[in-house]
Every structure is written in C-alpha cells, then in structure tokens.
Amino acid sequence: MFDNFDLMVDAMGQGLWVTIWVTTVSFIVALIIGALLAMMHVSPAPPARWVATAYTGLFKNVPLLAILFILYFGFPKIGIVLPSWQWAIIGLGTYTAAFVGETLRSGINSIDLGQAEAARSIGLTFGQSLRHIILPQAFRTVIPPLGSLLTALVKNSSLVLVIGVPELSAQAQRLINDNQDRFDLWAVILGVAACYLIVNLPISYFIRRAERRAEFAR
Amino acid sequence: MSRSPKSSVLFDALGPRGQARARNASIGSGIVFAALLALAAVQLADQGFFEQSRWVNPLDILIIENAWLPALMSTLKAAVLGSIGALLLGVIVGMGRVSRFKAIRGVASVYVQFFRAMPLLLLIWIPFTIDGAFGATLSMGLDAEGRRLTFLVLGLAVYNGAVLAEILRSGINALPPGQAMAGHAIGLRHGQTMRLVVLPQAVRNMLPAVLAQLVILLKDTALGYVITYPDLLHDAETIGRNYADSFLQVLIIAAFVYFVLAWGLSKIVTLVERKTSRKVAKGAAKVAPSIPLEAGAPGTSAKP
Amino acid sequence: MRITRKAALVGVAVAALALSACSGEASQQQEAEDQLQEEVGTYSMTQAEELPAGLIADIKERGKLVVGSKYDQPLIGLKNSATNKIEGHDAEIARLLTLRIFGEVIEEGDNANLEFIETTSQNRETYINDGTVDVVIASYSMYPERLDSFDFAGPYFFTGQNVMVSADNEDITSVDDLAGKNVCIAEGSGSIGNMEERNPDAEIGTLKDYAACAESLENGTHDAVSTDSTILYGFVQGKPDAFKVLDESNIFSDEPYGIAMKFGETEARQFMNDMIQESFDNGDWAKAFDLTYGGAGMAMPETPAINDYEAK
C-alpha cells in the first residue's frame, strides 16, 4: 500500500495542483465570456442574440473531448501555436462559458417582471437596469447553478489529459500504468478519489448553503 | 411562454435612430467577424486544409461502410445501454433518496454525493483497470470489445444514475405536499400514493430534464476514448492515421456528426416537453434551473 | 416555421456530406496494395508438427490466436479503415505465427483463427496479464528488466530510438540539442525512460500515441518526437516534406522487438523462437519486410540474432 508513498504523493500533489489552477483560471474565463453571452442573449440587437444562440448551441451539442482535439490540433494550423495547458484553459473556459451564459440568462429572466418595469419606469437605461436592479438580484439565484458548473468544470478538467496536460487523472494513470510497477493500485485509486472528493464536496456543501440562503432572501 | 421575455421590457422598442445604430453596429461587427474568418480561411487554405482530397478521402464509401457506420453504431449502442442503466439506477437511488427510512436515505445520499463528485472519466477508467488487474470479466467470457462496452456503460450508468436520482428527487419534492396528503386522506397506503398520485406527476414534471440528461449521456460516450472503446471519436482518429493529411478533417466530421445527433435529440426533447406540459397539478414547480444538474447543463433545455 | 427550416438546412448539409462520399484514394490504395502483395508472394511457413503444451496448446484448442497489436503505427501496426485489416510488419509476424500454429490464416468470419486487439503502449502489459490477448506484437522491446515480468520470443526486428523533427528545423541536429525543447512521446512508452536517461534536460510531453505526436510536431506545438526509428520512419514516409529523422549516429538505445506473452511460458517462447528462425531461413521474414518497410523504401537490414535467454 505504501510502497514509494512519497513519490506517489508527490506526483498526485502536482496533478492536484494543476487541476486546481487550470479549473480556477478556466472558471474565471468562463464567467467573463458567460456574462458577455448572457448580455448578448437579452440584447436588443437580433444579431447579438443569434451569435449567442449559435455559440451556446455549438458547445452544448459537441462533446468537450472533440472540442479539445479540434482546438489543440486545429488552431496551430492557422498560426496560433500554444502550449497544451493554454488550450486546456481556452477549451474548458469557452465550453463552460456556454452554460454560464445560459444560467445567467435564466437568472435574469427569473427576476420578476415587475422589477424590470419599475426600473424602466424610473428612467434607467438598459445597461443601468441590468447593473443596478436586475443583476444583483439575479446573482443570488444564480449562485447554486454556478456552483454546480464549477463542480462540473473540476470533473471536466480531467479530460485535458488527452492533450497532454499532467493534471490529477493523468498522474493517476501514469502511476497505475507505471512500467516498473512501483505503485500500489489501490493506493492510487484511493488517493485520486480522495483528491476529487476534497475538491468537490466542499463546493457542493457551499451550493446547498447558498440555496438555503437564497430561499430566505426572497 | 406565459409572460413576455424580460428583454423586451428592459428596453424600449428602438426608434429609427436606435434601429439605424443597431443595424450599423451589427453590420460593423459582422464585417469584423467575417474578416477574421476570411483571414483564418486563407491561412488554412495555404496549408491545404480545403483541398478536396483531404475531405473526400475519409468519406470514401468503403470507409463509411467499414469505419464510420460501425463507429456510429457503437456510440449509439453505448448510449442506449448507458441510458437504460442510468434510468434504472436513477429510479432506485432516487426512491431511496425520498424514502421514509433514514438509513436508506443516508445510503442513497452517500451514493449521490460520491458519484457526482468524481469525474466520469475516472468512473469509466478505474473499474476497467481494476478488472484488468483481476480478470473478473474475462472469467465471465467477455471478449475485449465486450469488456470495453461493459465498463463504458457501467461508468455512464452509475454517474448519470446519480444525476437522474437527484432529478427524480427534485421532481417529487416539487409537487405540492397536498397531493401526497390527498392520497393519504382517501386511504391510499404510502406505496400506492407514490405509484398512483405522486410518481406520474413527478415523472411528467421532470421528463424534459431527464431527456436532456440523456442527450448529455450521448455526448459522454466519447469518453470511451480512454479505454479505447471504438466510438465515433476514436474511430475518427484511426481514420486520421490512415490519411495523415486528414487528421483535422476527420475530427471536424466527427464533431459534426455528434452535433447533429445531440441537436436532433434535443429538438425531440423540446417537442416532448411541449406535449407533456399539461396534466400536472397546479403549483407544481417545473424542475427548474436552480437544480444543480450535470455537465453544467442547467435544467431547462436551450430555447433557441 | 423555424424548426423545419433549420432541419432542412441540417438535412442539406448531411446530404451534401453523403453525396461527396464518392470515392477517395481508398480504392486506389487497395489496388496498389494488392499488387504489392502479388509481387511479394505468399508465405511458405507451414504448420508445426508438434505443438507444445501450455499457451500454444490452449490457443490451438480455442481455435483462435488473439494478438495485441498497435492500430496507429504506419508500417508496423496500422488499421486500414477501408478494409478493417491490420497492416504492418508486426501484423505480418502475427500472421506467420498463425500459419505456424494452424497451417492457414483466416481473419474474417466465424472460423477466424486470428484476431487483433488494439493495444497502446499504456495498456499492452495489462492485456497480457489479464488474458485479454495471448501475445502482444506491438513494437514491444525486449528490455532486460521486462524479462522479469514477461516472456519474450525474438527479437524479430532490431531498431533503436531516434529523434524526428520538422523537415525545415535547423536547430536540432543531435539528441543533445533537445535540451529545453518540447519532445513528444506516447504515454506509457519505454521511450520516455530512454529519453530521460539520455538527455534529462529535454522537456518531455506525452500524448496518447505517436500519430498525435506527429500531428503536434507538424503544428509546431512540440519541437521533436522521439521513439523507435521504425515508427519514425513510417511517419516520415507518409509526409517526407514535413518531417525528417536525425542522422543514424544519434540512435541512442537498443530496441529489439519481441513477441510478448505471460511470464513463465518457456515452451511457447521456444516454439515462437523456432518460428521466427524458420521465417529468417525460408525467406518469409524477407517477404514480410518487403510487404511493409520495404514497400516504403527502407533498405533491408540483417536479420537479428534470436535471444533464447535462460528462463528466469
């Protein structure tokens, strides 16, 4: 169980670290693009709505794996050559952004119509209504689904091993398939499961707390 | 929809100047966008991306017959079997989640928490590897292909079962308690109340969310890649090896096929949603976006 | 309405795709291959008179030899998408072994006596141990340390690890130049350890297989790919304008390809060694070479010396 324990912990620790920062950066990217998308979804200009719809439709219907491949192997051909971890972030970020956009849009639409009417009736513009009245309230309802998107992102980050990013699952694979059988199978499995639980369970816990608080705030 | 979309309230209908501005902005950004696309296209053309042979080779009728179609069938097979497994597990665990007995609720809760925290990739690959170390399925007479299908389906079923269990629980909880109470009031036992009053309505309520999850399951069959299950994406790569020039082209073709499949299924889901949006008790909330669903898909299917 | 219009658009796209599926190179390639096969001729390997107990007897009883092979290495083990046949030198060795055990090779239909299973560098060891395959013939090198875990017959081919770079790359001319460069190697491959030993300063990145590495090299994401020369040769042949392999003097490891099987199958191992030696002697090995590497222009090397090591 504990053969080469320190080597194993070291390798998985590195993997966990990569998973965490790739997830974090991707999530930030997703939030930014997602917010833009949400605004385009509810925008007055039809072309903006079409683009947002097309973007969302694309990423919801194509597997993330295929998207990562096309990014990693395709874009260098038009001159954009980046290391694999950057493609990982771009792929995860743009993919998750589609869902973030949808979530934010639902959040905006879930605010009672009266709020928007009230905002308009005191003379606020589209942008001001969004910023001062709608979005702050939408924010509260939107935290739980965003939290679950973060959980999903942590899990999706395991996919970037196919473009060579040494994240947690990649390390686990490498340890288990190690050519010299230096590591115990069960130890690695427990380790990697524990790592994902450590990351995802707290997020779920906070989602549930936020959900309960959101109920009260109404 | 019963109320007008928020967006039309947030802004006044645009007057002529506003319309002109919107039009100009659209045209302007459209031009920029088209220019970027053109730039990319020129770059690609330079590298022979659009060369006909690169696209035609992977689509040779022999290859369609011997590679694409079997791969498509494998993908669908895994999706269908995975869905059946997920539905079965989802119902069992979901009922466990709302059981009267605390112990059962606890076990179901642990199941859901655990399997929703793990990446699907590991849920597929780890049992496969464990089995590899102990040869369990081999003694059951499964060949390599069958083994891969088994573990892909297992992973998909276990994971999506957890998600469906959550959806089921939300669906049941979303019904106003009056329904169950009414059932008890007319003398139905708990089991009967569930079967005759609660479940039919709950199922109709959450059908769209369940079907949407199954579309996600279809996309997730691509993860068979890690145990070299011959699904669409994996076989596309193999074709790409035969024609090194077409590596990217086959990926795009495969992505396109997935798109058509998933999009088509979503459309069917929307149709089903429309057909079943009656016959539910008043006050029953639709399984709503606040339910944390999976692969980042909030409960509502995309309204295009 | 909107649904039908979108559906129509999608329908048109699908139809266009289907219509364009006239014929690509596949049929022409088939003809060229058939012609090569005719030129080379058939094998003269015959069924062995006596089959030893153990693995070989099991195979004979089952009626089928299950071989783990690569599906993604040109000239060595590549699945032809048009015919679903596995082509390459490793596959030919598998066919010779089948001839030796059964007297004939039937790859299709219910009576098939030869089945290929896709193995990657990562899972080939697992597949031997759990019995998914009888043997692995997949550019698998007979490293001394591996002899403690598996039995190897052979070598049936001898090569060495080298480095492949872009055809227009002037910076990298030797293995030492790889310091600080991105080198792509397939996951789980022994080439990783070799490279780490030879040049610890090279930045090794892994992808699933060498085809992905080659693509990545072409894109410029990696600076080099390093593995057995035979594997690299296949890629250079496919795209001579894109890739080149460093000069032979750079070869820095010994890669004797062997047939791998479960540890302790001494009789089976000797049976296969006999088969390989027979193929050297009766010209079948040369035919297998002509069909694969030779057909791509490689000069025929000398046959390797069989390593009949003491059972451990």
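Predicted, not measured: the structure shown is a model, and the values here were computed from it. (Residues numbered from 1 in each chain as written. Chains lettered and ligands numbered in written order. Predicted model: local features only at pLDDT ≥ 70, side-chain atom pairs only at ≥ 80, totals over all residues. Heavy atoms only, no water.)

**Focus: the overall build of chain C**
Next, step 1: The helix and strand inventory of chain C stands at ten helices and 13 strands.
Next, step 2: Structurally, chain C occupies a C-alpha span of about 70 × 50 × 40 Å along its principal axes.
Next, step 3: Across chain C, contacts joining residues at least 24 apart in sequence account for 71% of those joining residues at least 6 apart.
Next, step 4: Carbon and sulfur atoms make up 47% of the accessible area of chain C, which amounts to about 13100 Å² in all. (Helix = DSSP H or I, 4+ residues; strand = E, 2+ residues; numbered from the N terminus. Contact = heavy atoms within 4.5 Å. Areas by Shrake-Rupley, 256 points an atom, 1.4 Å probe, with all protein chains shown as cover.)

**Regarding the packing of aromatic side chains**
Next, step 1: Counted under the stated rule, the structure contains 21 aromatic pairs over all chains.
Next, step 2: The lysine or arginine in question, C:Arg269, covers the ring of C:Tyr309, its NZ or CZ lying 3.9 Å from the ring centre. (Phe/Tyr/Trp six-rings, centres within 6.5 Å; stacked < 30°, edge-to-face > 60°. Lys NZ or Arg CZ within 6 Å of the ring centre and 35° of its normal.)

**Quick notes on the packing of helix H5 (residues 113-121) of chain A against helix H6 (residues 126-156) of chain A**
Residue and element names in this part refer to chain A.
Next, step 1: Following both chains from N to C, one finds H5 and H6 inclined at 145°, their axes separated by 10 Å at the closest point. In this structure, H5 crosses over H6, and the sense of that crossing is right-handed. Here Gln115, Ala116, Ala119 and Arg120 of H5 lie close against H6, whose contacting residues are Phe126, Ser129, Ile133, Ile134 and Gln137.
Next, step 2: Of the residues contributing to the contact of H5 with H6, the split by class is five nonpolar, three polar and one charged. (Axes fitted to C-alpha atoms, helices over the stretch in contact; angles between N-to-C directions. Left-handed = near helix turned anticlockwise from the far one by under 90°. Nonpolar A, V, L, I, M, F, W, Y, C, P; charged D, E, K, R; others polar.)

**With respect to the interface of chain A and chain B**
Next, step 1: Tallying the contact residues gives 68 residues for chain A and 59 residues for chain B.
Next, step 2: Between chain A and chain B we count six residue pairs in polar contact (both at pLDDT 80 or more) in total.
Next, step 3: Elements with a minimum of two residues in the side of chain A that touches chain B: helix H2 (46-61), helix H3 (64-74), helix H4 (84-110), H5, H6, helix H7 (168-176) and helix H8 (185-217) of chain A.
Next, step 4: For the side of chain A that touches chain B, the per-class residue count stands at 40 nonpolar, 18 polar and ten charged. (Polar contact = N/O pair within 3.5 Å; in protein donor to acceptor, adjacent residues only side chain to side chain.)

**Description of the side chain of B:Asp220**
Next, step 1: By the secondary structure assignment, B:Asp220 is in helix H10 (residues 190-220).
Next, step 2: Here B:Asp220 is in contact with B:Leu120 and B:Leu156, once residues within four sequence places are set aside.

**Let's talk about the domain arrangement of chain C**
Many structure descriptions define interface size as the accessible area lost when the parts assemble.
Residue and element names in this part refer to chain C.
Next, step 1: Here the domain parsing of chain C yields domain 1 (55-159 + 256-296) and domain 2 (161-250).
Next, step 2: Between domain 1 and domain 2, the C-alpha centre-to-centre distance is 26 Å.
Next, step 3: The interface of domain 1 with domain 2 comprises 17 residues on the first partner and 16 residues on the second.
Next, step 4: At the junction of domain 1 with domain 2, the criterion picks out zero salt bridges.
Next, step 5: Inspection of the region where domain 1 meets domain 2 yields three residue pairs in polar contact (both at pLDDT 80 or more).
Next, step 6: Here the residues of the side of domain 1 that touches domain 2 are counted per class, giving eight nonpolar, six polar and three charged. (Domains from an automatic or database assignment. Salt bridge = Lys/Arg side-chain N within 4 Å of Asp/Glu carboxyl O.)

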